[in-house]
Amino acid sequence: MAKISFSGTDELMATLQKANMFDDEMQQELLYAAGDIIVEELQKMVKASGVQTEAYASSVKYRKTIKQDNNGDPYITFTAVGKNEHGTRRATVLFVLNYGRHEQYGKIEGTYFWTKGVRNAKKRVDAELDKILTQKLKERGLL
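Being a predicted model, the structure only gives us computed values, none of them experimental.

**Q** Teacher, can you tell me more about a nonpolar patch on the surface here?
**A** On the surface, F95, Y99 and Y112 cluster together into a nonpolar patch covering about 280 Å² of accessible area. Looking at the element boundaries, Y112 is found in the loop between β6 (108-109) and α5 (113-139).

Okay, here's the thing in structure tokens:
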């Protein structure tokens, strides 16, 4: 639904890449640590969205499949899994509630709870990734 990128850890990542220590295991550890924090924040914001979406919060998850974008940068995806009692995908319902819907289809004003959740998670993720990267550099004698 929303993209998130992190820039506070660029120098540490560059150091690991120069030392040829940024392997698949470390990539997975970093992405999963970020994923856990982002899911927690998204679930909190879904519950607090002001719309009756509390039951949807537990369906917010991330896929533990690491993909690569066109530049070769790794990423994971976040979504709400499953369907509601009417057979509509939960991800679709949350998307509409987040961004809103045009009058032509029955006006719904977007509350941007998903977007705010991603924004809230960014600081926590930066701090956690910085902590993990610093620890890895110390373990490998680079700091």
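**Q** I would appreciate a short explanation of the side chain of R90 in the present structure.
**A** Within the secondary structure, R90 is located in helix α4 (residues 90-99). Look at R90: it is buried, it has no salt bridge, and the nearest opposite charge is E85 at 5.6 Å. Setting aside residues no more than four positions away along its own chain, R90 makes contact with A55, Y56, S59, A80, V81, G82, K83 and N84.

**Q** Help me out: how do you make sense of the confidence of the model for the protein in this one?
**A** When pLDDT drops low, the exact placement of atoms in the prediction is not to be read closely. For the protein, per-residue confidence averages 84 on the pLDDT scale, and 84% of positions sit at 70 or higher. Averaged pLDDT values over the elements of the protein bottom out at 63 in helix α1 (residues 10-18) and peak at 94 in strand β1 (residues 60-62).

**Q** What am I meant to see in α4 here?
**A** The α-helix advances 3.6 residues per turn, and as a result positions three or four apart in sequence lie on the same side. For α4, the full list of buried residues reads R90, A91, L94, L97 and N98. Viewed along the axis of α4, the buried residues span an arc of 130°, placing them on a single side of the element. Directly beyond the C-terminal end of α4, a positive phi value near 95° is found at G100.

**Q** What should I look at first to understand the pattern of salt bridges in this one?
**A** Should their charged atoms come close, side chains of opposite charge can pair. Using the criterion set out here, one finds 6 salt bridges in the structure. Between K44 and E41 there is a salt bridge whose closest N-O contact spans 3.3 Å. With K44 and E41 both in helix α2 (residues 24-47) and 3 residues apart, this pair spans about one turn of that helix. Exposure remark for K44: the relative accessible area of 45% places this residue in the partly exposed category. Overall, E41 belongs to the buried group, its relative accessible area being 6%. Residues participating in the shared-partner salt-bridge network are E40, E41, K44 and R124.

**Q** Explain unusual backbone geometry here, please?
**A** Glycine aside, negative phi is the norm for most residues, and most peptide bonds take the trans geometry. In the Ramachandran plot, Y112 falls in the positive-phi region, its phi being about 55° despite a non-glycine side chain. The class of Y112 is partly exposed, set by a relative accessible area of 39%.

**Q** Help me understand the nonpolar core, please; the structure alone is not making it clear to me.
**A** General note: in soluble globular proteins, nonpolar side chains tend to be found buried as a group. F78, L94 and W114 are the most contacted members of the largest nonpolar core, which has 30 residues in total. Listed by contribution, the elements that provide at least two residues to this core are α2, α3 (54-57), β1, β4 (78-80), α4 and α5. With 12 residues, α2 is the single largest residue contributor to this core.

**Q** For this particular structure, what's the right way to read the packing of α2 against α5?
**A** For any two helices packed against each other, one specifies the crossing angle of their axes together with the interaxial distance. One way to put it is that α2 packs onto α5 with a least axis distance of 8 Å and a crossing angle of 150°. With respect to α5, the axis of α2 lies roughly antiparallel. Between α2 and α5 lies a crossing whose hand is right-handed. In terms of residue class, the contact of α2 with α5 is made up of 17 nonpolar, 2 polar and 7 charged.

Parameters at a glance
Residues numbered from 1 in each chain as written. Predicted model: local features only at pLDDT ≥ 70, side-chain atom pairs only at ≥ 80, totals over all residues. Heavy atoms only, no water. Patch = residues over 30% accessible without salt bridge, like charges linked within 9 Å, V, L, I, M, F, W, Y side chains within 5 Å. Areas by Shrake-Rupley, 256 points an atom, 1.4 Å probe, with all protein chains shown as cover. Salt bridge = Lys/Arg side-chain N within 4 Å of Asp/Glu carboxyl O. Helix = DSSP H or I, 4+ residues; strand = E, 2+ residues; numbered from the N terminus. Buried < 20%, exposed > 50% of the residue type's maximum accessible area, 1.4 Å probe, protein only. Lys, Arg positive; Asp, Glu negative; His and termini not counted. Contact = heavy atoms within 4.5 Å. pLDDT = per-residue confidence, 0-100. Arc of directions from axis to C-beta. Core = buried A, V, L, I, M, F, W, Y, C linked by side-chain atoms within 4.5 Å. Axes fitted to C-alpha atoms, helices over the stretch in contact; angles between N-to-C directions. Parallel < 35°, antiparallel > 145°, perpendicular 65-115°, else oblique. Left-handed = near helix turned anticlockwise from the far one by under 90°. Nonpolar A, V, L, I, M, F, W, Y, C, P; charged D, E, K, R; others polar.

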